[in-house]
Amino acid sequence: MKKLEDTVRETMSPLEGTAHSYAHVDRVAKIAAVLAEEEKADRELVHTAALLHDIGYVVGEPHNETGARLARKILERSRSIPEQRVESIVKIILRHPIAFRDKLETLEEKIVWDADKIDLLGVIGIARVFHWMGQKPFETTVNTCFEELTPIYNLLNTSSARKIANRRQRRTTSSLSALRAELSTKDLKDAAGAARELRNQKSF
């Protein structure tokens, strides 16, 4: 597996510093490993697919399709994984985008899907969205955070994913709530109101 990790890291080196770099892949692989153990899934299958799930970004969009083709080449070249398992890994990669949520069939597909989405929760998820959106208008990026990040937790497939991601979900909710308040300056109005109330109490 170390050889595959090195291959993926080298292949994805042009993406260093992006929201879909090897650093993201490494986090997803670690999350997926926890889920696979909790859910008693095929850990080797999950880990291999997690390592390869975003490799298509090196080639181009749609990254799940280009990634599935490239992953097949890498795995067939290694000759260390039986063809049937290669097919399973390719399917996991093809179905990891959020749009395929209702088409997931195997536990391993659900686990890699969940692990990838957990990396969009919490403060890191918000940071990734702002980085990923790049030079797009600020308002567009903010709206993407509210529209894309808010529903993710409730879409998670496995009970283990919901359990380990609960704290991140609370951070997502509190961070977006703070962002909404600051965009409208409601936080300052509330603070000013609280200060007035405190002064009034002291005057009695």
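A brief structural summary. Note that the structure is predicted; figures quoted are calculated from it, not measured.

With that settled, the discussion passes to the layout of surface pockets. Reported here for the largest pocket is a volume of approximately 510 Å³. Forming the boundary of the largest pocket are 23 residues, of which His20, Tyr57, Ile98, Leu120 and Trp132 lie nearest the centre. For the lining of the largest pocket, the secondary structure elements donating two or more residues are helix 4 (63–78), helix 6 (107–118), helix 7 (122–133) and helix 8 (138–149). Its residues placed into classes, the lining of the largest pocket shows eleven nonpolar, six polar and six charged. What lines the second largest pocket is Met1, Lys3, Leu4, Thr7, Glu44, Thr48, Ile74, Leu75, Arg77, Ser78, Ser80 and Ile81.

Glancing now at the packing of helix 8 against helix 11 (residues 166–183). Here helix 8 crosses helix 11 at 145°, and the two axes come no closer than 11 Å. The handedness of the crossing between helix 8 and helix 11 comes out as left-handed. Together, Phe138, Val142, Cys145, Phe146 and Leu149 of helix 8 and Thr172, Leu176, Leu179, Arg180 and Leu183 of helix 11 make up the contact between the two elements. Along the lines of polarity and charge, the residues of the contact of helix 8 with helix 11 split into eight nonpolar, one polar and one charged.

Thresholds, definitions, all that
- Residues numbered from 1 in each chain as written.
- Predicted model: local features only at pLDDT ≥ 70, side-chain atom pairs only at ≥ 80, totals over all residues.
- Heavy atoms only, no water.
- 1 Å grid on protein atoms, 1.4 Å probe; cavity = no way out; pocket = protein on both sides within 12 Å on 5 of 7 lines; lining within 4 Å.
- Points joined across faces, edges and corners; volume = space filled by probe spheres on them.
- Helix = DSSP H or I, 4+ residues; strand = E, 2+ residues; numbered from the N terminus.
- Nonpolar A, V, L, I, M, F, W, Y, C, P; charged D, E, K, R; others polar.
- Axes fitted to C-alpha atoms, helices over the stretch in contact; angles between N-to-C directions.
- Left-handed = near helix turned anticlockwise from the far one by under 90°.
- Contact = heavy atoms within 4.5 Å.

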